[in-house]
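Overview (structure and organization)
Each chain, written out:
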Amino acid sequence: MKKAYNFNAGPCVLPKEAIESAIAAIRDFDNTGIGILEISHRTPGWERIMAETEQLWRDLLNIPEDYAIMFLGGGASTQFFTVAANLLNKKAAYLQTGVWAKKAAKEAKNFGEVTIVASSEDKTYSYIPKGYTIPTDVDYFHITTNNTIYGTEIKEDIDCPVTLVADMSSDIMSRPVDVKKYGMIYGGAQKNVGPAGVTFVIVRKDILGKVERVLPTMVDYRTHYPEEAKNHSMFNTPPVFPIFVMHETLTWLKKLGGVEAINKINKQKAGLLYDEIDRNPLFVGTAAKEDRSIMNVCWVMAPGKEALQDEFMAFAKERGMVGIKGHRSVGGFRASLYNACPIEAVEALVATMKEFEQLHK
Ligand SMILES: *Cc1c(COP(=O)(O)O)cnc(C)c1O
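Residues numbered from 1 in each chain as written. Predicted model: local features only at pLDDT ≥ 70, side-chain atom pairs only at ≥ 80, totals over all residues. Heavy atoms only, no water.

Each helix and strand in the chain was counted, giving 9 helices and 14 strands. Relative to a compact globule of 361 residues, whose C-alpha radius of gyration would be 21 Å, the chain shows 21 Å and is just as compact. Its C-alpha atoms give the chain principal-axis dimensions of roughly 65 × 55 × 30 Å. Long-range contacts, defined here as pairs at least 24 residues apart, represent 66% of the contacts in the chain between residues at least 6 apart. With an accessible surface of roughly 15700 Å², the chain has 53% of that area assigned to carbon and sulfur atoms. Positive and negative side-chain charges of the chain, numbering 42 and 44 respectively, have mean locations separated by a distance of 3 Å. (Helix = DSSP H or I, 4+ residues; strand = E, 2+ residues; numbered from the N terminus. Rg over C-alpha atoms; globule rule 2.2 N^0.38 Å. Contact = heavy atoms within 4.5 Å. Areas by Shrake-Rupley, 256 points an atom, 1.4 Å probe, with all protein chains shown as cover. Lys, Arg positive; Asp, Glu negative; His and termini not counted. Charge placed at Lys NZ, Arg CZ, Asp CG, Glu CD.)

Okay, structure coming up:
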């Protein structure tokens, strides 16, 4: 097989173990003689996987019992309006740290008044706004903890006087999170916890059912987490296969030592690459240093070296680097160093950058 270091921003690289057990499960799931793509989601073995997946989330992130956890379809983008439908009565506040945050706010406007508390759009979202005031007369305050496109991250769980809602699509499970500080956390699985096709929603149950509008059944979170039911996210057919791969990915993470352990490794990986960007005269980072993401690292050619961009891209490609083209709004390069990205991949990328420097001394 071709050697490739996968730095794609999403769908992301997954642990080998998870891929291998997914392959085996496609052939035969749980000794049923039927593959995972073909089994009924009412099969006992499947109900066990669903329950275990929920438990893995609770264990890994210390999610208290008063929070519901659900696994839905539609991606994080569907949550942009579902959040507002379920939680927005009159007014909500949003922190605009990127286009995903902007899109989330846009969808919320269909359900009520939206205040943008602060925005970093003036500088292509290259920093996280500071010193803003969160209004207290809003139903919730929405943040995007990691800005996948720009490589900025809110690395701490902020204190918030109102219900805090976070899109954690691209940094979930990369660090410990104090879930109790949030009313809700959601995201697409395909950035750090699984393949595309499943969306996670963690919500404190007491904030639900407070809006006046009539909610379509599938939009109402309470549909997917019935209080007394043994099984959750089973109102309709859940995304069986992506959930299975997420189960295997989280099992891998738990064995590795959980979010504390992976956070150390993630910091080490990001540190290696940022150090090289800062050292190498050919490159400069694009995100404000204090807000640098440990998941997505963005950089461009140094001033005066712009003409070398395509050459470096080709040079890196030859050495097996995949998915390092920056988003068109930022340009340059982006390496996504999600949980399953091995440190060897980052070392290979750093070596490539050093080698390229030697060529252009
Ligand atoms: C990728 C991404 C999304 C969109 O996710 P989909 O599952 O594709 O809808 C939303 N927010 C952030 C922060 C993302 O990185």
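From this point, the discussion proceeds with the structure in view.
By secondary structure assignment, the location of Thr199 is in strand 10 (residues 199-204). A polar atom in the side chain of Thr199 sits 2.9 Å from the backbone nitrogen of Gly75. In contact with Thr199, not counting residues within four places along its chain, are Met70, Phe71, Leu72, Gly73, Gly74, Gly75, Ala76, Gln79, Gly187 and Gly188. (Polar contact = N/O pair within 3.5 Å; in protein donor to acceptor, adjacent residues only side chain to side chain.)

Quick look at the nonpolar core now. Among the nonpolar cores identified, the biggest contains 89 residues, and Trp46, Trp57, Leu273 and Trp299 are the most heavily contacted of them. The leading source of residues in this core is helix 6 (residues 240-256), at 8 residues. Met70, Leu72, Ala105 and Tyr140 belong to the second-largest nonpolar core, a separate cluster that totals 25 residues. (Core = buried A, V, L, I, M, F, W, Y, C linked by side-chain atoms within 4.5 Å. Buried < 20%, exposed > 50% of the residue type's maximum accessible area, 1.4 Å probe, protein only.)

Moving on to the sheet that holds strand 11 (residues 283-285). Within the open sheet, the 3 strands sit side by side as 11-12-14. Their pairing is antiparallel. Of all the strands in the sheet, just strand 11 and strand 14 (333-336) have a single pairing partner and so form its edges. In this sheet, neighbouring strand axes are inclined to one another by 30 degrees on average, regardless of whether the strands run parallel or antiparallel. As judged from the 3 bridges shared by strand 11 and strand 12 (residues 296-301), these two strands associate in the antiparallel manner. (Pairing = 2+ DSSP bridges. Axes fitted to C-alpha atoms, helices over the stretch in contact; angles between N-to-C directions.)

With that settled, consider the side chain of His327. Note on placement: His327 falls in the loop between strand 13 (321-322) and strand 14. Residue class for His327 comes out buried when judged on its relative accessible area of 19%. Ignoring anything within four residues of it in the chain, the contact list for His327 reads Ile149 and Arg334.

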